[in-house]
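Summary of structural features
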Amino acid sequence: MSATHSVILLGVVFRAVSTGPIQPALSFTILEDYLSHSKVLCSQETQRQTLEGRLPLPSYAAILTDVVEYETVIGLEVHAQLLTRSKMFCSCSADYANAPPNTYVCPICLAMPGVLPTINEKAVEYTVMTALALNCTIAEYARFDRKNYPYPDLLKGYQISQYDAPMGQHGWLTIDMDGTKKKLDITRVHLEEDTAKLTHCTTPEGETYSLVDANRAGVPLMEIVGEPDISSPEEARQYLMKLRTILQYLGVSTCNMEEGSFRCDANISIRPEGTTEYLGKVEVKNMNSFKAVYRALEYEAKRQRQELEKGGRIIQETRGWVEERGMTVSQRSKEYAHDYRYFPEPDLPPLVFDKTWVEEIRSRLPELPDVRRDRFMSQYGLPTYDANLLVDSKAMADYFEDCIKLMTGTSNENNLHKKAKAVSNWLLGDFSRMLNTTNASIEETRVTPKHLVEMLDLIDEGTLSGPAAKTVFEDMFLNGKPASDIIAEKGLSQISDSSEIEKIAAQIIADNSQAVSDFQDGKQQALAFLIGQVMKATKGRANPGIAKRILLDKLGGK
Ligand SMILES: [Zn+2]
């Protein structure tokens, strides 16, 4: 808005204030906000009539709710600890998870005076690798900077980070939202060091104190900053899951959110649909799981809408997610940006990336999830849904392909597709269910690909019925035995002998006269019920196809 316009508008609004019935709560601050937002928030007609003095100046809440639908705008910052053997700037071990406090430390990571840091080459390589996988442009020149701020977990009083010369910029990743692909931009990928860990304690007398553990201080931390392109909590969850999958494929981080090796902060604001204006950006912290990110963002988007509808304003601040209360609470106002007094780290040389070196890293990138998903669909004929779920976990996708390699008769494409779908059904069905109930990961399972393939072969050749296979699989999963042993032990081999099934079917028909007459009255569900009774009587061993044929024969159906 130009100065001239402001003056004119001010004059008119003051006329409106002096002539129209004005809401008493309309303060000068609100008036100012009204002026700055009026162009986008009022319909043109409302604006014109207000300015002509024919309409009273609407209340702030009315201005905001009258006209506008809001859209949510989310940007995520992810910190991932890198899986290097040593720390970022010293040779201490970075594998501190089970170490007693303050045992993996040295003068460098304890920030003693006079020490000099040295750069961990592997960490730089992992960061460049990640930036390449995220389609970033790799800088020819990158630099470490000091980010100065006082905090008890920052022993040096500054963090070695990267400011205006990061390693990778202008990247993107894609997510799948109900079958539609969405490209989300990534601003930058850079490298820094982790801080020490504080544990806050209280004495029996109620005095509070904090303990510092410097084992984590100096562990390499990669930061991935996303553009504010995300428009819903679900998209945010998908973005994070995709990013985690990519990092896991690269093998650069464990990405364990609960253990803190993968952390996420979110910026969230709402704005009138179709505008580019922010009504106050809120940063949300303390989210320790994908579910927490989703819930926190959903809560925050709703809170901001309600705040505006009440006539309030969105304060730019940092809020923490409190899991137990299911809400975010204000931590500190962010009206003024921190002055971190960044300056180039004088103890470290700048990084100059040789093109040949970057290309060599690019050539070593593994097959990434999107490419693998497309290949699963074309090579194995899997539906998008299956392919997406399988490649989400590298371990699961590897397991799937290990099974396929062991299967016989897959040189024929039809057969291969059929068998691949069967493996996928088991992995995404009973296998995943058992992993969930036992809280295990696929890496820990006792069912080897060989065991699973053997079981599928037994189903194919008719030795094992579908329902009995479920029992066999559960046993395989819990006890690690091959299917053939379990079938022998439990007498679970499929009954395909017609005369045996015929005897049982006759009995079932005799015992269920109601279902029989229902079927004869045309109720098809009655047949399913009768087949179910045959399966039940044989403990799932009867061949369901034969059971159906025999029942139909006996009932005179088709
Ligand atoms: Zn150290």
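Residues numbered from 1 in each chain as written. Predicted model: local features only at pLDDT ≥ 70, side-chain atom pairs only at ≥ 80, totals over all residues.

1. What about the overall build of the protein?
This is how the line gets drawn: Helix and strand definitions here come from DSSP, where helices need a minimum of 4 consecutive H or I residues and strands a minimum of 2 consecutive E residues; each element is numbered from the N-terminal end. Residue burial is a threshold on neighbouring C-beta atoms within 10 Å of the residue's own C-beta, all placed from the backbone, with 20 or more meaning buried, 12 or fewer meaning exposed, and counts in between meaning partly exposed.
The number of helices and strands found in the protein is 19 helices and 16 strands. In the protein, which comprises 558 residues, the proportion classed as buried is 33%.

2. What to know about the confidence of the model for the protein
Which entries qualify depends on this criterion: Scored between 0 and 100, pLDDT is the confidence that the predictor attaches to each residue. Here, residue contact means that the backbone-derived C-beta atoms of the two residues sit within 7 Å.
With 86% of its residues at a pLDDT of 70 or more, the protein has an overall mean of 85. Counted against residues more than four places away or in other chains, residues 1–32, with its pLDDT under 50, gives 28 contacts.

3. Here's the deal with the sheet that holds strand β4 (residues 145–148)
Either a parallel or an antiparallel arrangement is found when strands of a sheet pair, and the pairing is made through backbone hydrogen bonds. We count it as follows: For two strands to count as paired, DSSP must find a minimum of two bridges between them.
In spatial order, the strands read β5-β4-β15; together these three strands make up an open sheet with antiparallel pairing. Unpaired on one side and paired on the other, β5 (158–161) and β15 (343–344) mark the two borders of the sheet. Pairing between β4 and β15: two bridges, direction antiparallel. Residue pairing in the sheet places R146 in a bridge with F343 of β15.

4. Some points on the nonpolar core
Most often, soluble globular proteins have nonpolar side chains that are buried together. Heads up, the rule is: Working definition: the nonpolar core is a set of buried Ala, Val, Leu, Ile, Met, Phe, Trp, Tyr and Cys residues, joined through C-beta atoms within 7 Å.
Core analysis: the largest hydrophobic core is formed by 69 residues, its most contacted members being L76, A236, A266 and L297. With eight residues, the single largest contributor to this core is helix α6 (residues 233–250). Every residue in contact with A266, bar those within four places of it in the chain, is listed here: I74, L76, A236, V284, V293 and L297. Formed by 32 residues, the second largest nonpolar core is a distinct cluster that contains V391, F400, A469 and M476.

5. Considering the packing of helix α16 (residues 498–511) against helix α19 (residues 544–555)
Keep this limit in mind: For helices, the fitted line uses only the C-alpha atoms of the stretch in contact; every axis is such a line through C-alpha atoms, and the angle between N-to-C directions lies from 0 to 180 degrees. Angular relationships are summarised with four words: roughly parallel below 35 degrees, roughly antiparallel beyond 145, roughly perpendicular across 65 to 115, and oblique for the angles in between. Note: crossing handedness is left-handed where the near helix turns anticlockwise from the far helix by less than a right angle, and right-handed where it turns clockwise. The classification used treats Ala, Val, Leu, Ile, Met, Phe, Trp, Tyr, Cys and Pro as nonpolar, Asp, Glu, Lys and Arg as charged, and all other residues, Gly among them, as polar.
Packing of α16 against α19 brings their axes to within 9 Å, and their N-to-C directions diverge by 55°. One finds that α16 runs oblique with respect to α19. The chirality of how α16 crosses α19 is right-handed. Of the residues in α19, those touching α16 at S498, I501, E502, A505, A506 and I509 are I546, A547, I550, L551 and K554. Residue classes in the contact of α16 with α19 are distributed as eight nonpolar, one polar and two charged.

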